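Chain by chain, the residues:
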Amino acid sequence: LEAQRSVAIIHMLRGRVDQAEALLRRLRAHPALADKEMSQITILGGLLAVYTQRFSTDDSGRRDQYLAEAEPLALEWVERTTRRLGPRSTTTLQATTKWAEIVCGRGRYAEAAAACRTVLENGSAERLGECHSARTGAMYTLAECLTRMGEEQEPADLLLRVIQCARTAYSPDNPVFLGIVSDSLRYIERGGRGAEGEA
């Protein structure tokens, strides 16, 4: 069963998301894994990774459908990790960040923003470092939610922090770094931080 989960992850990394999802859903329903909390947590993480790839579609109708399908899975992931690993565990913070991203995508901005603040304000910087992926994901989602609610200054501050973290993780010509900078510029401009955006 563990080997099958590894195959599902390889399918996902190769872009075969339908095959990955089918295999993960079979594993999720397997009687030998039904009562195994850590196995279910791992499988849910895989399924949410599959949905994350699907969210990038240009078809807004399909994206809304994928978000609706993913939300209960993400909520279950948060509940299971909180119960098994505790509210401050890295996996719980990652699950909470993913759930907030989905909820923000569904238009529940205040709810998602509150979840992001939970990730950022519970001592996670001291335990994981400022630039842990759960934290930078929460910063980005919080910036998006706040922008949708009409705020300008805090989103700019958050995205400048995300860029600073990306500088430590990627070379200046890395496409991932350049993408992060490019995606952040609209928030920085709205926040009146034109000089920093230009730089």
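So, here is what we can say about the structure in this document. (Residues numbered from 1 in each chain as written. Predicted model: local features only at pLDDT ≥ 70, side-chain atom pairs only at ≥ 80, totals over all residues. Heavy atoms only, no water.)

Here we come to the overall build of the protein. Across its full length, the protein holds 11 helices and 0 strands. Reading the helices (α) and strands (β) of the protein from amino to carboxyl end gives α-α-α-α-α-α-α-α-α-α-α. On the principal axes, the C-alpha backbone points of the protein span a range of 60 × 35 × 35 Å. The buried share among the 199 residues of the protein stands at 42%. Sequence separation of at least 24 residues holds for 55% of the intrachain contacts in the protein that already meet a minimum separation of 6. When the accessible surface of the protein is totalled, it reaches about 10,300 Å², and 52% of it is carbon and sulfur. (Helix = DSSP H or I, 4+ residues; strand = E, 2+ residues; numbered from the N terminus. Buried < 20%, exposed > 50% of the residue type's maximum accessible area, 1.4 Å probe, protein only. Contact = heavy atoms within 4.5 Å. Areas by Shrake-Rupley, 256 points an atom, 1.4 Å probe, with all protein chains shown as cover.)

With that out of the way, let us pick up helix α9 (residues 153-169). Side chains three or four residues apart in an α-helix point the same way, a direct result of the helix having 3.6 residues per turn. Given a rise of 1.5 Å per residue, 17 residues ought to cover 24 Å, and the 25 Å separating the end C-alpha atoms of α9 matches this to within 8%. Among the residues of α9, Pro155, Ala156, Leu158, Leu159, Leu160, Val162, Ile163, Cys165 and Ala166 are the ones counted as buried. On its buried face, α9 is in contact with α8 (133-148), α10 (175-190) and α11 (194-198). (Expected span 1.5 Å × (residues − 1).)

Here Gly197 shows up in helix α11. C-alpha separation for the pair Gly197 and Arg106, spaced 91 residues apart in sequence, amounts to 29 Å.

Our focus in this paragraph is the packing of aromatic side chains. Within the structure shown, the criterion is met by 2 aromatic pairs. Centroid distance Tyr51 to Tyr66: 6.4 Å. Interplanar angle 65°. Geometry classified as edge-to-face. Of this pair, Tyr51 sits in helix α3 (residues 37-54) while Tyr66 sits in helix α4 (residues 60-85), and the two are 15 residues apart along the sequence. Judged by relative accessible area, which is 1%, Tyr51 ranks as buried. Centre to centre, the rings of Tyr140 and Tyr187 are 5.9 Å apart; their planes meet at 75°, and the pair counts as edge-to-face. (Phe/Tyr/Trp six-rings, centres within 6.5 Å; stacked < 30°, edge-to-face > 60°.)

Attention now goes to the packing of α9 against α10. The relative placement of two packed helices comes down to the angle between their axes together with the axis-to-axis distance. Look at α9 against α10: their axes get within 9 Å of each other, and the N-to-C directions meet at 165°. Taken together, the axes of α9 and α10 lie roughly antiparallel to each other. Where α9 crosses over α10, the two elements pack in a sense that is left-handed. Across the interface between the two elements, Pro155, Ala156, Leu159, Leu160, Val162, Ile163, Ala166 and Arg167 of α9 pack against Phe177, Ile180, Val181, Ser184, Tyr187 and Ile188 of α10. (Axes fitted to C-alpha atoms, helices over the stretch in contact; angles between N-to-C directions. Parallel < 35°, antiparallel > 145°, perpendicular 65-115°, else oblique. Left-handed = near helix turned anticlockwise from the far one by under 90°.)

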